[in-house]
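A structural walkthrough
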Amino acid sequence: MLIMLTGCATGREESDVSTLPEQQSTSLSDQSFFKVVRTIGFEDAGKFIMVEGSQCGEQASGPEPATMLITHDLPAYVNNATVILNGWSLRYLHKDHEVRTLRADISHSKLVTGGGGPPTLVFEVAGELSDQNGDDAYEFCVYYTGLGFNSAWINARIEGDYNGIETQALQIHSDGPIATLESIWTGGALRGHDSVAVIPRGFDFQYDNQFECEFRFPPCRWDDPADHPLRQVAYSLFQTDASPNPDGNPHWVTQTIFKDSGTRTHWVKTRAALIGGDSVKLRANFLPLNSRSGKTGICRNGVDGVVHTETFRLYDLPYDYVVPMLTGWNLDYECDHQHVQRAGIWIHDIRFDPETKGLEYKLSSILRDKNGAPGFNASHRVSVLGLNRSAIPPVIRHSAPELKIKIRDR
């Protein structure tokens, strides 16, 4: 064994890290869906509707992603609609494990109209939680918020909606734990004077393959899939406001963290969409990311592996309609890295009061191993997408009824 290990250590093949490893699609018909929730958060009939929901599915093993096709019927007046990824939950169904891939992603979205039925918001989601071997069953739950509107009342349009706008990067361990991805959108018909808001659609983290020797046969592999315990995972979308871009090309920055107690080379992929126009406003909020490293002396000794839920309220929002977007979140274990049994963070129970211009939502989070100890920390930021009705409302013409008057001769 010692001779074999020595031989393995004398050389190394170059691995191709130019592209993110492909994920094979799983047939949607093979998925079992459950925990389905559909609610209307707010509606101004004929003009605007906000819906929210969640849905879960199970996957027998990784590294296949769990995929779900979700449909949401909308009122007949809706001719523009899109969806926001507002949370996720991933859970190993048996025991806890190290992590190789962590993903939650709305990969496609489309408003389907015609055919005699109501407009339907259709979107595909994909999630993955897998370790090195990719042979463990897991559950994936997606939490989303959809919005639909009548363009006669709201001057806005959605771009990059169907496939989303992807940005990916390889974060080398020597560059530190915080990955920074710069995104730009050069397609579509957004003009330089349009106000633009970025809609979060997903993330995909995966440790890069590495040279590794273990007690097995063969003992060493040059390009071995790598997994590690988890210390911290975080995401933050930076957009200062919805001010128009002079060059007409919207651009934004996303920062992420995916690490154990140290810093490892890993792939990062993010997805977004855009909404722009004179009616679009944004109350931006971003989460500064701070890396957690090594062991700490601050540890709660009790079991803390339960879902934490808090209620948040925002007041005096100067918009006709508002939609919260989860643009920043952080989950980290106290003390040191641990295996993962479940991880997730999501907003839900969204309520908007047009009279007081107040927004209320709940935030839930979880990060635990098999025994729920030590505890975890969670933080988040919500950016508010505002939509105002057009200054000049549409002119609604009513045709005069046809009068038939018969004059009698006397």
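Everything in this summary refers to the structure shown in the same document. Everything quoted here is computed from the prediction, not taken from an experiment. (Residues numbered from 1 in each chain as written. Predicted model: local features only at pLDDT ≥ 70, side-chain atom pairs only at ≥ 80, totals over all residues. Heavy atoms only, no water.)

**Description of the packing of aromatic side chains**
Here the structure, examined in full by the defined rule, presents 15 aromatic pairs. Residues F48 and Y321 carry aromatic rings whose centres are separated by 4.6 Å and whose planes lie at 10 degrees to one another, so their mutual orientation is stacked. Highlighted residues: F48 in strand β2 (residues 48-59) and Y321 in strand β19 (residues 321-333), separated in sequence by 273 residues. When its relative accessible area of 0% is taken as the criterion, F48 is described as buried. Residue Y321 is classed as buried on the basis of its relative accessible area, which comes to 1%. Between the NZ or CZ atom of K47 and the centre of the ring of W153, over which it lies, the distance is 4.4 Å. (Phe/Tyr/Trp six-rings, centres within 6.5 Å; stacked < 30°, edge-to-face > 60°. Helix = DSSP H or I, 4+ residues; strand = E, 2+ residues; numbered from the N terminus. Buried < 20%, exposed > 50% of the residue type's maximum accessible area, 1.4 Å probe, protein only. Lys NZ or Arg CZ within 6 Å of the ring centre and 35° of its normal.)

**Quick word on the sheet that holds strand β10 (residues 178-184)**
Spatial ordering of the open sheet is given by β10-β15-β14-β19-β22-β17, a layout of 6 strands whose pairing is antiparallel. Only two strands of the sheet have a single neighbouring strand rather than two, namely β10 and β17 (280-283). Here the average twist between neighbouring strands, direction ignored, is 20 degrees. Strand direction decides the pairing type here: β17 and strand β22 (residues 376-387), joined by 4 bridges, are antiparallel. Looking across to β22, one finds that V280 is bridged to L387. (Pairing = 2+ DSSP bridges. Axes fitted to C-alpha atoms, helices over the stretch in contact; angles between N-to-C directions.)

**A closer look at empty space enclosed by the protein**
All chains considered together, the criterion is met by 3 cavities of 30 Å³ or more. Here the largest cavity is characterised by a volume of approximately 70 Å³. Along its surface, the largest cavity is lined by L85, G87, W88, P200, R201, G202, F203, Y235, L326 and W329. Elements with a minimum of two residues in the lining of the largest cavity: β4 (80-92), β11 (196-207) and β19. Element by element, the count of residues in the lining of the largest cavity is highest for β11, at 4 residues. Considered class by class, the residues forming the lining of the largest cavity number 7 nonpolar, 2 polar and 1 charged. Empty space within the second largest cavity amounts to approximately 60 Å³. (1 Å grid on protein atoms, 1.4 Å probe; cavity = no way out; pocket = protein on both sides within 12 Å on 5 of 7 lines; lining within 4 Å. Points joined across faces, edges and corners; volume = space filled by probe spheres on them. Nonpolar A, V, L, I, M, F, W, Y, C, P; charged D, E, K, R; others polar.)

**A few points about the state of the cysteines**
Counted under the stated rule, the structure contains 1 disulfide. A sulfur-sulfur distance of 2.0 Å marks the disulfide that ties C56 to C141. Taking the sign of the S-S torsion, about 110 degrees here, the bridge from C56 to C141 comes out right-handed. Of this pair, C56 sits in strand β2 while C141 is found in strand β7 (residues 138-149), placing the two residues 85 residues apart along the sequence. Residue classification places C141 among the buried positions, given a relative accessible area of 2%. (Disulfide = S-S within 2.5 Å.)

Note that every value here comes from positions in space, so none of it alone points to a role or purpose.
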